[in-house]
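Summary of structural features
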Amino acid sequence: MSVTVRTLDELLTPPTAADSPLSTQEYFVNMGPQHPIAHGSLRIILLLDGETIRKVIPVPGYVHRGIEKMCEHMSYRKIITLTDRMDYLSALMNNWAVARTVEKAAGIETNSRIETIRTLMAELQRIQSHALWWGVLGMDLGAFTAFLYSFRDREIIGEIFEETIGARLTMNYIQPGGLMFDILPDFAQKVKKLLAYMRPMINEYDTLLSGNAILQERLRNVGILPAKDAVALGCTGPVVRASGVPYDLRKVEPYGVYDKAEFDVVVGTKGDCWDRYYVRMEEMRQSIRIIEQLIDNIPEGQYMVTKYNARLKLPKGRFYGQLETARGVLGVFIYSDGNGDTPYRMHFRSPNFNNLWAVTQIAPGWRIADYIAIQSSLDLVIPDIDR
Amino acid sequence: MTLAWLKIMAVVGQPTWEVVTVADRASASLESRWYVAVAYMIVALVAVAAMVVALGMGLIYGERKIAAHFQCRMGPMRVGYHGILQSVADTIKLLLKEDIVPARADRVLHLLAPFLTLVVTILILGVIPYSPLMQLADVSIGVLYLTALSGLSVLGLLLGGWSSNNKWSLLGGMRAAAQVISYEITATLALLVVTMFSGTLTLSGIVQSQAQGWWVWRAHGVGVLSMALFIVAATAEINRTPFDIPEGESELTGGFHTEYSGLRFAFFFLAEFINMFVVSAITVTLFLGGWMPFRIGDWESFNNLMGLIPPSLWFFGKSAVMVFVMMWFRWTFPRMRVDQLMRLEWKILLPLGFCNLVVAAVVILSKWYFFPV
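Let me sum up the structure you'll find in this document. (Residues numbered from 1 in each chain as written. Chains lettered and ligands numbered in written order. Predicted model: local features only at pLDDT ≥ 70, side-chain atom pairs only at ≥ 80, totals over all residues. Heavy atoms only, no water.)

**Considering the overall build of chain A**
Across its full length, chain A holds 16 helices and 8 strands. Taking 387 residues into account, the globule formula puts the C-alpha radius of gyration at 21 Å, and chain A, at 22 Å, falls close to it. Taken along its principal axes, the extent of the C-alpha atoms in chain A is 75 × 50 × 35 Å. For chain A, long-range pairs separated by at least 24 residues make up 71% of all intrachain contacts whose partners lie at least 6 apart in sequence. By element, 54% of the accessible surface of chain A is carried by carbon and sulfur atoms, the whole surface being about 15200 Å². Of the side chains in chain A, 43 bear a positive and 45 a negative charge, and the two mean positions are spaced by 4 Å. (Helix = DSSP H or I, 4+ residues; strand = E, 2+ residues; numbered from the N terminus. Rg over C-alpha atoms; globule rule 2.2 N^0.38 Å. Contact = heavy atoms within 4.5 Å. Areas by Shrake-Rupley, 256 points an atom, 1.4 Å probe, with all protein chains shown as cover. Lys, Arg positive; Asp, Glu negative; His and termini not counted. Charge placed at Lys NZ, Arg CZ, Asp CG, Glu CD.)

Set out below in structure tokens:
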């Protein structure tokens, strides 16, 4: 397989000038890094013909903080504090991905209490993340009320996190060998109260946005991503599932206690924006289902199996671990040279990076307004693309 | 107590609704005392200016509060009691802000655009019948005047988008032009129905023709449909959600007013909010009886009671309801796409409007409506 490298300059060759006053001319327009759809700072260069998109060139790199390089100077415990700055909406799942890889490499066996609490936290975060996505999608499409509804409900999950973890957004909770803190005695009760509240709220989301004729018009049959392309681009998570590929690591290679819970992998049929919308809405319900099954019997046990301050040394070798975050498969690759408690090299396979390139496939031919819907339905978190 | 009420009602009786505009008064005294005419003119100017300011501030505050309560939050709370002075503070802020003109922008057009937009709005405010005694001028071609001016309003948006030297603004300006011109047709078709029923173009005449019942239900289904058409088309004409495509803040980053700041931006903003009132006022005037009180057939005492409420209150009350409906739209609906918007107009609303017009003509010719006209 040969790879052709093209620089941005080459991609941005000026379009041919109009040869007569009546013919049209294509033009480039910068969408971002400062643009409402950038949701942070993502630069998208659009080649437009009137309002129709001819070409999409994503230019990531505006939030690059060199997290992978920083990891080389940090012990495995400290790396956890960097992971939640990547995809801040699935901070706990990012924590877990590193913790799981390190545990696997170091041969640490966790107990079922730790795994249950991790699973519960991850699913709570998935609900929180999808709720935020729903609100932001509404805002991108011009329905501002959805945004504040979702923030209202996120807040309740945020409070549970805050009580347990002490942080609301960038949480360092899941550690190699266990958890930072034990859950509070009323954790289960609070979560149950949340679920009782959240279930009707998701129905309310449906009544506010999903059934709306305008929203359906904006999403249905827009930006179709065929299953073949989705797989070829390495899309994961709700994006690939919406294209009809039932690939969910929680089912395919269960981790945590997902094998004990019963839940469905939601798949779409077509791969349009509406399918991606629908898959996420249903995933919120499935997450509630998982939590409901696990919340009543959290096993007793320690919340940390290693010593709190133990230096973790990995044997020489290459280790890879992955799990399903709210946006797809987060892979953690650790190359350890066997001496010291820092990795020699570290790489994150972030779901957003691969999902982002789907826009280059699906957006051409659609209009600017559709681009908003398409990118919003991909649910990108920009810091995770750049790391 | 009952006796007192009966006496008041006997005095009120059947009001005559005679319209005396400010322009009428001025021209009546022009021959004998010219200074009185001048005084009337000054009063009219001040009244319109005050109206613009009060409406602008009030509507912005109202929108923020209503939006806040739709969205489970409080809205402005800090400046004054429940934030009632927030709009004043915002105005001062906008006044003090730097007025930025982008490099290589067309300075003259860039300056002209917000003024054009606001001037159109103010010109419409002058002919709206607020009450029998509160109308600046009763133009004999009222409905035509409204249509002409709302067609003019697109100029401001287009100029703003063109002169900013910004691709997003240009896209917004083009969208605005396409949208406003298209929806003008449906709005006019809806207005024509009422004109046909009332047989007059003057706005006060249209209001007076609704003494026996408002056109929205007096004209059977035709009235309801034309009002619905008008509300949809008017919402599109003033660029409010779900038709805020020219602004499209998440797509075009503000569209035609991306490059505006300070007071020029405030003018666009002011025009947008006052337009909302203007459109509501036109809807009320044409379909909901203007300043006419609500009456039910021969319920004498009920009708008398309703007659006690001053006409101006009726007018502003009805307009407030319509404004609320528009805000309700905005905080519920997502935004449409450009081609969907055009499809809605040319393939759905326009044929509906024409059919409605034909049916209305048949209804009128066959004298099939309720109440004598």
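**Here we look at the sheet that holds strand 1 (residues 27–31) of chain A**
All names here are of chain A. The antiparallel open sheet is built from 3 strands, whose spatial order is 1-2-3. Two strands lie at the open edges of the sheet, namely strand 1 and strand 3 (52–59), each paired on one side alone. Averaged over all neighbouring strand pairs, the angle between strand axes comes to 25°, with direction disregarded. For strand 2 (residues 43–49) and strand 3, the ladder comprises 7 bridges, and the chain directions are antiparallel. By the bridge assignment for strand 3, Arg43 is matched with Val59. (Pairing = 2+ DSSP bridges. Axes fitted to C-alpha atoms, helices over the stretch in contact; angles between N-to-C directions.)

**Some thoughts on the interface of chain B and chain A**
Note: interface size is frequently given as the accessible area lost on complex formation between the parts. Counting from both sides, the interface comprises 25 residues of chain B and, opposite them, 35 residues of chain A. Here chain B meets chain A over a buried area of about 2500 Å², counting both sides, of which 59% is carbon and sulfur. Its largest share of buried area at the contact with chain A, chain B owes to Trp168(B), Pro334(B) and Arg337(B), together 24% of the area lost on that side. Between the two partners, chain B and chain A, sit 5 salt bridges. A salt bridge links Arg337(B) to Asp370(A), with the shortest nitrogen-to-oxygen separation between them at 2.7 Å. Where chain B packs against chain A, one counts 11 residue pairs in polar contact (both at pLDDT 80 or more). Listed by contribution, the elements that provide at least two residues to the side of chain B that touches chain A are helix 7 (167–198) and helix 14 (338–365) of chain B. Of the residues belonging to the side of chain B that touches chain A, the class tally is 10 nonpolar, 6 polar and 9 charged. (Buried area = accessible area lost by both parts, 1.4 Å probe. Salt bridge = Lys/Arg side-chain N within 4 Å of Asp/Glu carboxyl O. Polar contact = N/O pair within 3.5 Å; in protein donor to acceptor, adjacent residues only side chain to side chain. Nonpolar A, V, L, I, M, F, W, Y, C, P; charged D, E, K, R; others polar.)

**As for unusual backbone geometry**
Notably, Asn221(A) is not glycine yet its phi reads approximately 60°, a positive angle. Turning to its location among the elements, Asn221(A) is positioned in the loop between helix 8 (213–219) and helix 9 (227–233). Given the relative accessible area of 39%, Asn221(A) is considered partly exposed. Positive phi, normally seen in glycine, also occurs at Cys72(B), with a value near 60°. Relative to the assigned elements, Cys72(B) resides in the loop between helix 3 (34–70) and helix 4 (86–96). Among the residues examined, Cys72(B) registers a relative accessible area of 43% and is labelled partly exposed. (Buried < 20%, exposed > 50% of the residue type's maximum accessible area, 1.4 Å probe, protein only.)

**A short note on the sheet that holds strand 7 (residues 328–336) of chain A**
Backbone hydrogen bonds are what pair the strands of a sheet, in a parallel or an antiparallel way. Residue and element names in this part refer to chain A. Spatial ordering of the open sheet is given by 6-7-8, a layout of 3 strands whose pairing is antiparallel. On the outer flanks of this sheet lie strand 6 (317–325) and strand 8 (345–349), each paired with one strand and no other. In this sheet, neighbouring strand axes are inclined to one another by 15° on average, regardless of whether the strands run parallel or antiparallel. Bridge analysis of strand 7 against strand 8 gives 5 bridges, and the strand direction is antiparallel. Paired with Gly331 across the bridge in strand 8 is Arg349.

**Looking at the side chain of Arg118(A)**
Residues and elements named next belong to chain A. With respect to the helices and strands, Arg118 occurs in helix 5 (residues 112–140). Residue Arg118 is classed as buried on the basis of its relative accessible area of 0%. Here the side chain of Arg118 touches Glu115 through a polar contact of 3.2 Å, side chain to side chain. A polar atom in the side chain of Arg118 sits 2.8 Å from the backbone oxygen of Gln175.

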